[in-house]
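Chain and residue survey
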Amino acid sequence: MQHQKKKIIFWGTPNFAAFILEKLISQGYCPQALITTSDKPVGKEKFLNSPATKKIAQKYNLPVWQFDNLKNESVLKTLVDLKPDIFIIAAYGLIIPQEILKIPVQGCLNVHPSLLPRYRGASPIQAAILNNDKKTGTTIMLMDEKVDHGPIISQKKLKIKPGETTPSLTKKLALLSADLLIKILPLWLENKIKTRPQKHKKATFTRQIKKIHGQIFWYKPAQQIIQMWRAYQPWPGIYTFFKGKMLKIIDLEILKIKHSFVPGQVFLTPDKNLAVACSKNAIILKKVHLEGKNPVKGIDFFNGHREIIKQIL
RNA sequence: CGCGGGGUAGAGCAAUGGCAGCUCGUCAGGCCCAUAACCUGAAGGUUGGGGGUUCGAAUCCCCUCCCCGCAA
């Protein structure tokens, strides 16, 4: 087991990385250390929340380094002193400077959950769902000077099932990525894999998702709003405004109907469901969450806010 | 002390100093070939808890417990 003598350092932060890390460990490819970002205060109680990968690392007693700023000498020195053979990077959260990428003798592998060169950047999984793609996949590539730009080592496709959400697809892609990684890693470490460059002209890009992206525009077709809802779980979710307050839509359903309402107009279906008209079809609000209140069923919300009918959101 | 909203009947919400109400649900009865429809009636409250101001507090003040949004 020659590869186990190699020093692997794993970089990653959220769930996607955590699934991969755990699978690597369980399959006998335990890294020497985890590098992730710092604990972030979360919620009103402002307690610190560790990255998902850190929790896994602690479970297996892996050493953990947490860096938020990679552009200083002490970080560089720490990493050089580890004398790593290879870095495996999966959703770290920050762009890693060139000087650091040059450290490991066998390069830096990046796990990216899309079929590169499609969907480079920060939100490939959400983009695939948002665009109603029928398939996506994962790519393992050798990192170079540009983000998600390096030559491809291996790729694997995955069908997107109807109703797939970001959390469910994230998990599937992570497990797929881990399998692929385990398969190619020993070969890579023995220099038995050739890379192939990406077709850069076909590249598309995705950006970091912000709260504002979750706002619903009712002039869009209902189908598209459903895809937003699937893509933007668990955060930022999708929301609209009612009486100046944010109304999150926790659960919804498409209502296939020909109607003459204005997009955004609220109405009640014959079987007593609260619904909002879109440019095509409509959305049934099964569960909503008004800012400052508890989440409630659509019908309960209607009982307390009868004036919502005929209003335009 | 990061900013903000809320706690009222089983559920969702009104009532901002003067008789605690609305919609839904529940129960009883009625109507109907029938129904998640409709009609009549009923039950269901220590207004989260404690203290204060007042002739009088869900409402104003102080304390406390709980829930939630923003921010990530």
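Residues numbered from 1 in each chain as written. Chains lettered and ligands numbered in written order. Predicted model: local features only at pLDDT ≥ 70, side-chain atom pairs only at ≥ 80, totals over all residues. Heavy atoms only, no water.

A word on the sheet that holds strand β6 (residues 86-90). What the seven strands build is an open sheet, ordered β5-β2-β1-β6-β7-β9-β10; its pairing is mixed. Every other strand in the sheet has two partners, leaving β5 (64-66) and β10 (152-159) as the edge strands with one partner each. Ignoring which end each strand starts from, the neighbouring axes of this sheet average 15° apart. (Pairing = 2+ DSSP bridges. Helix = DSSP H or I, 4+ residues; strand = E, 2+ residues; numbered from the N terminus. Axes fitted to C-alpha atoms, helices over the stretch in contact; angles between N-to-C directions.)

Turning our attention to unusual backbone geometry. With an omega dihedral of 15°, the bond running from leucine 116 to proline 117 counts as a cis peptide bond. Along the chain, proline 117 turns up in the loop between β7 (108-112) and β8 (120-121). Between glutamine 233 and proline 234 the backbone carries a cis peptide bond, its omega angle lying at -5°. Backbone geometry places lysine 243, a non-glycine residue, at a positive phi of 50°. With respect to the element layout, lysine 243 can be found in the loop between β12 (238-242) and β13 (245-255). Of note, asparagine 281 is a non-glycine position whose phi angle comes to about 60°, a positive value. Along the chain, asparagine 281 turns up in the loop between β15 (274-277) and β16 (282-290).

Structurally, isoleucine 238 can be placed in strand β12. Residue class for isoleucine 238 comes out buried when judged on its relative accessible area of 2%. If sequence neighbours within four positions are ignored, isoleucine 238 has contacts with Gly214, Ile216, Ile225, Met228, Trp229, Tyr232, Leu247, Lys248, Ile249 and Leu252. (Buried < 20%, exposed > 50% of the residue type's maximum accessible area, 1.4 Å probe, protein only. Contact = heavy atoms within 4.5 Å.)

Let us look at the layout of surface pockets. Its volume calculated, the second largest pocket comes out at about 170 Å³. Around the second largest pocket, the lining is made up of 13 residues, and of these Asn132, Lys161, Pro162, Gly163 and Arg230 lie nearest the centre. Elements with a contribution of two residues or more to the lining of the second largest pocket: α5 (124-130) and α7 (222-231). At three residues, α7 tops the list of elements feeding residues into the lining of the second largest pocket. (1 Å grid on protein atoms, 1.4 Å probe; cavity = no way out; pocket = protein on both sides within 12 Å on 5 of 7 lines; lining within 4 Å. Points joined across faces, edges and corners; volume = space filled by probe spheres on them.)

One finds Phe10, Ile20, Leu109, Leu181, Trp218, Ile238 and Ile283 to be the most contacted residues of the largest nonpolar core, which totals 68 residues. With residues near it in sequence (within four places) discarded, isoleucine 283 still touches Trp218, Ala222, Ile225, Ile226, Leu252, Glu253, Leu274, Ala275, Val276 and Cys278. Judged by nonpolar contacts, the second largest core, of 17 residues, contains Leu82, Ile89, Ile96 and Ile103. (Core = buried A, V, L, I, M, F, W, Y, C linked by side-chain atoms within 4.5 Å.)

Our focus in this paragraph is the packing of aromatic side chains. In total, this model carries six aromatic pairs according to the counting rule given. Both rings, one in phenylalanine 217 and one in tyrosine 219, keep their centres 5.7 Å apart while their planes meet at 35°; by these two values the pair is tilted. By relative accessible area, phenylalanine 217 is classed as partly exposed at 36%. The class for tyrosine 219 is exposed, based on a relative accessible area of 56%. Ring pairing ties together the aromatic residues Trp11, Phe87 and Tyr92, which thus form one cluster. (Phe/Tyr/Trp six-rings, centres within 6.5 Å; stacked < 30°, edge-to-face > 60°.)

This paragraph deals with the packing of helix α1 (residues 15-26) against helix α6 (residues 166-189). Two elements in contact, α1 and α6, have axes whose closest approach is 8 Å; the angle formed by their N-to-C orientations is 40°. By the criterion of interaxial angle, the relationship of α1 to α6 is oblique. Of the two possible hands of crossing, α1 and α6 adopt the one that is right-handed. Where α1 approaches α6, its residues Phe16, Phe19, Ile20, Lys23 and Leu24 are matched on the opposing element by Thr170, Lys171, Leu173, Ala174, Leu175, Ser177, Ala178, Asp179, Leu181 and Ile182. Partitioned by chemical class, the residues of the contact of α1 with α6 number 10 nonpolar, two polar and three charged. (Parallel < 35°, antiparallel > 145°, perpendicular 65-115°, else oblique. Left-handed = near helix turned anticlockwise from the far one by under 90°. Nonpolar A, V, L, I, M, F, W, Y, C, P; charged D, E, K, R; others polar.)

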